[in-house]
Amino acid sequence: MIIYTNEGNPLGLQLLMLAKFAKQAVQVQMVNLNDAKYKDLLVLPTIELDSGMRLFSAAAIAKYLLGDEGEQRDEWLEWSTTLLAPALAHYMAVGHRADPNALPVLNTLVKKLNDALKSKPFLAGDKLTAADIAVWSLLAPDGTLKGAQNVDNLRTWYEKIKALPEVQQVLSEQPLKDLSFNALQQANRYGGLHHVPLKRASLADAGNLLADTGSTVADTITDEEINAARAAFTFSQPKEFKEPRVVLPKAGERNVLITSALPYVNNVPHLGNIIGCVLSADIYARYARSVGYNTLFICGTDEYGTATENKALAENLTPREICDKYFELHNAIYRWFGIGFDFFGRTTHQEQTDIVQEAFKDVYNAGYVLTESVEQLLCQKCDRFLADRFVEGTCPHPGCGYEDARGDQCDKCGKLVNATELVRPRCKVCNSAPVLRSSDQLFIDLPKAEPLLREWVDRVEHGWTHNARVITRAWLREGLKPRCITRDLKWGIPVPHKNFEKKVFYVWFDAPYGYVSMTKRYTKEYLQWWRPAKGTDVELFQFMAKDNVPFHSVVWPSILLAINKGNTLVSHIMATEYLNYEDGKFSKSRGIGVFGNDAQETGIPADVWRFYLASARPEGQDSSFSWNDLAARNNSELLNNLGNFVNRALVFCEKSYNSTVPEMVLTQDELVLLALINRELRGYINSLEKAKLRDGIRHLLAISRHGNGYMQTQQPWVLLKGNEEQKTRAASIIGLCTNIACLLANLLFPYMPSTARTLFAQLNAKQTPLNADKPYAAILLPTGHKIGKPAPLFSKLEQAFIDELKRKYGGVQDTKSAAPQQTNAAELEAAVQAQADKVRQLKASTKDKAVWQPEVNKLLDLKKQLEAAQKTASVAAPAAAPAAQSDTRSVQDLEKAVQAQGEKVRQLKGSTKDKAVWQPEVNLLLDLKKKLEAAKAASPTSSTPSPAAVSAAPDASKVKALEDKIAEQGEKVRTLKASGDASVWKPEVDVLLSLKKELTALTGAPAAGAQGKNKKKK
């Protein structure tokens, strides 16, 4: 049996336990539902029986594995699936989709469990059943029972099951600390269990216990919360923010050092790059400052390496000129986005060279550097060893054969490639064929450092995101291997070691030290952050996308541990998944997606972009940027919720109270509102402390939603027209709402700093420090405070405007310049040859992929047409008139099939954004269209047979053999032409032309070579 599940899924733990108690051997396979090969899996976990049958219902699997254990067992299984699992998911695992009402529902469910275990040791009686296993696995993830009180029966039961030998065996394979309800978001195609509504109030199927739960969230407020709200809502003179000129860590205080993964300098950052690194780090840094932590935020551009040299070649600039150009471009984009670095530097400064060379000497002297000989490609014409990205050739992976694969990866099949494995490799600079030679390189001995690293990871990984832990554990599970740290390049930091002076450090060894060197550029006292004195603690938060995790969790820490000089090591790795564009990938060359400079050109304020990207931040799984979602969030959450509440409160204060905050006399209604706000404020602080930025936004918006609901219920506009008592109530309502607006300005500041400043100006107030230890709403604007002039904070994004932007950044479909749809095989062969020549000339003239890739796409399209035409010519024997009718019907049938399949694709795309669902149907549609084109090409245009039509069809095997010879000879000619010596390649061209004439004589088609030459003469 096979269990298909995903990393950290508590329901996968349930199936493992069931199998263990049933004494059934199972194989566990971790899968990703976004992977096309698992498109037939709808839900995780799923168990596949030996017969091939698959089960995904927990009840069905329990009954299959453990048989009949009684009706009570089945009722508890149903209860755990329909009530407990959704409540836990809403409360713990779905980020911004979490329901604020989940906690009281969950409390009731936990109480039911505790009560049920008062009189019996297990849920269904005297012995353990599948019901106990199902419920226990849901309560197993860390934090599930956090804060639960008076549940002694439940805790005793929990520990009793945990101690069972079968459970201990399972936990050795699936540790509890790796379980997370976040994993459920990737366990089906609906984003987890958030679509399952919470069942509140009294539920017949949950017993009368739920009758104690209030029908609204306000009814769940306790007396303790009311008293705390009353006590905290007072005025005290707020502390002013003091920002020192240079931020340094202080003993006895919380010191937070924040870095963002250094953006590579050879490109323009897109929205995914921005939220994955610099924007996430900036939001957290602004929060950390707002709660009074000593906070330093460092970033800069990563400028050495082959990618820079490549870009320099493409743009005909020196590497230094490329770095200068793109540094300014990055800097300008981040300034527009309001990124508040304390210092934004570069890795090409002298401080970087000094620090990296010193670090190398330290790690070398510590005995962690090896020398090994490496097989590399040498370009004799350029007289240099070629780095991976300076080599191109045919992809070696079976079934691919892409002719422009890079020396590190194939862009067509996406698989990793070793440069030495490329078929017919060529130098990207001069296009000549390189040779294989040995080169000595230096390696970091990671296996030697592995014991130190494992001990350190065990100690600190609790502060990392789930994906960072999973990626790091995967590296450790496979065992570390020595890693090369030098390269035969010119653009980089020279290696200060005998016989290696002409080599440079590999960019991954050099780049992480950029954080240190940029801090040194910021302050000469940089070692206070990176080697703090005893008694001074520094927490290092590093923000990055998941592809950067191994360098920050394995490689760089191994080096620092080997050096053993008391360096600051990362305590919190905040890694995101990937942000896609609509349902595809960002592509600058194809004009798909919004890049940093594009965002500015849209006219949408930077703060709206910041808010949206934080809302869509891919924290637990990949997410997608969507124009419609951007408009919906702006119009619904910013304009109608937050902006509406703030503007109503301030306009009422201006018009009814002469812009002066009135006196507030709190009643039970106000105290309930404050208690609800305190809940959200506590959630906001807890979320931001863990850098869960999406959850922080959810809590912030919940506060303004409570405010809107309160104002709508109290109707101060009606009370203002009543008696004195009602007017006093109206004053209290407006005074309280104005203070809530001020609180929202403070909470909004990390996400939308410009908007928050505008709101502070309208409130005539300054930013107030947040109290992370005691997160309670207080009076920020006392009675008598004069506010400024209120004005709307946000504008509506109209659908027509959004549709225009969607078209603009959806990629250019170049239909006019598309390859002509030829139907004659000979004409197509000539067109392929001419287009191939054009591509070679373009590639020789520029390395800019954006220039020649469209022509490559045309070439590939022409080759497909040629293949279809050749198949038609070799297979289709000309037929008489009756056969013509059959062919006509075939075309009509294919047209109907294309139309029906097209409709099916449209319906699927309209019903789901999941590409794995509709892409196979799109492929089927494209295949049908090809068949239709082939059928149309084969269909006779006249009932009168031509001389060619009545002649015998050529021998298909001979035609194929000749075509293969021509293809082989053509490749030989192209290779020889690259050498430039005409005396070498001209005789081979004659052989090629002779083969083509032979093919012409055999098929009756015009000579492709002659046509190609005529076209060139024109």
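Residues numbered from 1 in each chain as written. Predicted model: local features only at pLDDT ≥ 70, side-chain atom pairs only at ≥ 80, totals over all residues. Heavy atoms only, no water.

This brings us to the sheet that holds strand 7 (residues 343-346). The strand order 7-6-5-17-18 describes an open sheet built from five strands, whose pairing is parallel. Only two strands of the sheet have a single partner each, and these edge strands are strand 7 and strand 18 (572-576). Ignoring which end each strand starts from, the neighbouring axes of this sheet average 20 degrees apart. Sheet topology places strand 6 (residues 294-301) next to strand 7; four bridges connect them, and they run parallel. From the neighbouring strand, T301 faces strand 7, where its bridge partner is R346. Running over the sheet, helix 10 (residues 278-290) touches strand 5 (255-260), strand 6 and strand 17 (538-545) and is turned about 160 degrees from strand 6. Along the sheet, helix 17 (residues 514-522) contacts strand 5, strand 6, strand 7 and strand 17; its crossing angle with strand 6, the most-contacted strand, is approximately 115 degrees. (Pairing = 2+ DSSP bridges. Helix = DSSP H or I, 4+ residues; strand = E, 2+ residues; numbered from the N terminus. Axes fitted to C-alpha atoms, helices over the stretch in contact; angles between N-to-C directions. Contact = heavy atoms within 4.5 Å.)

Attention shifts here to the packing of aromatic side chains. Two descriptors summarise a pair of aromatic rings, namely the distance from one centre to the other and the angle between the planes of the rings. A complete count under the given rule lists 30 aromatic pairs for this structure. Look at W627 and Y809: their rings are 6.1 Å apart centre to centre, the planes differ by 20 degrees, and that puts the pair in the stacked class. On the criterion of sequence distance, the pair formed by W627 in helix 22 (residues 627-657) and Y809 in the loop between helix 28 (799-808) and helix 29 (825-845) is long-range, its members being 182 residues apart. Accessibility expressed as a relative area gives 0% for W627, which makes it buried. Linked through ring pairs, F360, Y364, F505, Y506, W508, F509, Y513, Y515, W530 and W556 together constitute an aromatic cluster. Here R346 stacks its cationic end above the ring of F327, 4.7 Å away from the centre of that ring. Between R384 and the ring centre of F390, over which it is positioned, the NZ or CZ distance is 4.9 Å. (Phe/Tyr/Trp six-rings, centres within 6.5 Å; stacked < 30°, edge-to-face > 60°. Buried < 20%, exposed > 50% of the residue type's maximum accessible area, 1.4 Å probe, protein only. Lys NZ or Arg CZ within 6 Å of the ring centre and 35° of its normal.)

Time to look at unusual backbone geometry. A cis geometry characterises the amide bond from L44 onward to P45, with omega recorded as 0 degrees. For P45, the location among the structural elements is in the loop between strand 2 (27-30) and strand 3 (46-48). With a phi angle near 55 degrees, N658 is a residue other than glycine that sits in the positive phi range. Mapped onto the elements of the fold, N658 is located in the loop between helix 22 and helix 23 (668-689). With phi around 50 degrees, Q715 is a residue other than glycine that occupies positive phi space.

Within the largest apolar cluster, 177 residues are counted, with the highest numbers of intra-cluster contacts made by Y513, W609, F625, W627 and Y751. Per element, the largest residue contribution to this core is 14 residues, and it comes from helix 26 (residues 724-748). Counting residues in hydrophobic clusters, the runner-up holds 63 residues, among them M1, L16, A130 and V170. (Core = buried A, V, L, I, M, F, W, Y, C linked by side-chain atoms within 4.5 Å.)

This part takes up the side chain of R406. Position of R406 among the secondary structure elements: in strand 11 (residues 405-406). In this structure R406 comes out as buried when scored by relative accessible area, which is 19%. Leave out the neighbours within four places in its chain, and R406 touches D388, V391, D411, V417 and L422.

On to empty space enclosed by the protein. Summed over all chains, the structure comprises two cavities of 30 Å³ or more. Estimated volume of the second largest cavity: approximately 30 Å³. What lines the second largest cavity is simply F233, L674, N739, I740, L743, A777 and A778. Across the lining of the second largest cavity, the residue classes tally to six nonpolar, one polar and no charged. (1 Å grid on protein atoms, 1.4 Å probe; cavity = no way out; pocket = protein on both sides within 12 Å on 5 of 7 lines; lining within 4 Å. Points joined across faces, edges and corners; volume = space filled by probe spheres on them. Nonpolar A, V, L, I, M, F, W, Y, C, P; charged D, E, K, R; others polar.)

Relative to the helices and strands, T713 resides in helix 24 (residues 693-714). The class of T713 is exposed, set by a relative accessible area of 62%. Reaching out from T713, the side chain makes a polar contact with the backbone oxygen of G709 at a distance of 2.8 Å. (Polar contact = N/O pair within 3.5 Å; in protein donor to acceptor, adjacent residues only side chain to side chain.)

Our focus in this paragraph is the confidence of the model for the protein. Averaged over every residue, the pLDDT of the protein is 83; residues scoring 70 or more account for 82%. Considering only residues more than four positions removed or in separate chains, one finds that residues 812-823, a stretch of pLDDT under 50, has 15 contacts. In the model, residues 876-889 has pLDDT below 50 throughout and makes five contacts with residues more than four positions away in sequence or in other chains. (pLDDT = per-residue confidence, 0-100.)

Take helix 19 (residues 549-563) next. Between the first and last C-alpha of helix 19 there are 21 Å, a value that for 15 residues agrees with the 21 Å anticipated at 1.5 Å per step. Of all the bends found along helix 19, the most pronounced is centred on P557 and spans about 35 degrees. Where burial is concerned, most of helix 19 is hidden: 14 out of the 15 residues are buried. At the exit of helix 19 stands N564, carrying a positive phi of roughly 60 degrees. (Expected span 1.5 Å × (residues − 1). Bend = angle between axes of the 7 residues up to and from the residue.)

Tallied over the entire structure, the rule returns 32 salt bridges. One salt bridge in this structure joins D404 and R426, with 2.5 Å as the shortest N-O distance. You can see D404 sitting in the loop between strand 10 (391-394) and strand 11 and its partner R426 sitting in strand 12 (residues 423-427), a full 22 residues away along the chain. Taking relative accessible area as the criterion, R426 reaches 18% and is therefore assigned buried. Here E455 ties to R459 by a salt bridge, and the two come within 3.9 Å at their closest N and O atoms. Note that E455 and R459 are positioned in helix 14 (residues 446-460) at a spacing of four residues, about one turn of the helix. (Salt bridge = Lys/Arg side-chain N within 4 Å of Asp/Glu carboxyl O.)

Spatial strand order, 2-1-3-4: four strands in an open sheet with mixed pairing. Every interior strand has two partners, whereas the edge strands, strand 2 and strand 4 (54-55), have only one. Bridging between strand 3 and strand 4 involves two bridges; their strand directions are antiparallel. Looking at the pairing, I47 lines up with L55 of strand 4. In this fold helix 1 (residues 10-21) packs onto strand 1 (2-5), strand 2 and strand 3, with an angle of close to 165 degrees to the strand it touches most, strand 1.

Our next topic: the environment of G788. Note that G788 resides in the loop between helix 27 (753-763) and helix 28. G788 has contacts with S659, A761, Q762, L763 and N764, leaving out every residue within four places of it along the chain.

For the rest of this paragraph, the subject is the state of the cysteines. Considering all chains together, one arrives at zero disulfides under this definition. Free cysteine: C410, not disulfide-bonded; nearest cysteine sulfur from C400 at 3.7 Å. (Disulfide = S-S within 2.5 Å.)

Burial of helix 11 (residues 306-315) is extensive: seven of the 10 residues sit out of reach of the surface. Considered for burial, the residues of helix 11 that qualify are T306, A307, T308, E309, N310, A312 and A314.

What follows is about the pairing of strand 13 (residues 435-444). Each regular strand carries side chains that alternate between the two faces of the sheet. Looking at chain direction, strand 8 (residues 369-379) and strand 13 are connected through 10 bridges and run antiparallel. Note on strand 13: the bridge partner recorded for T371 is L442. The sheet contact formed by strand 13 and strand 14 (residues 483-484) spans two bridges and is antiparallel. Bridging from a neighbouring strand, F443 pairs with C484 of strand 14.

Attention shifts here to the packing of helix 21 (residues 606-615) against helix 22. One way to put it is that helix 21 packs onto helix 22 with a least axis distance of 10 Å and a crossing angle of 105 degrees. Put simply, helix 21 runs roughly perpendicular to helix 22. The segment helix 21 lies against helix 22, with V608, W609, F611, Y612 and S615 engaging W627, D629, L630, R633, N634, E637 and L638. When grouped by side-chain class, the residues that make up the contact of helix 21 with helix 22 number seven nonpolar, two polar and three charged. (Parallel < 35°, antiparallel > 145°, perpendicular 65-115°, else oblique.)

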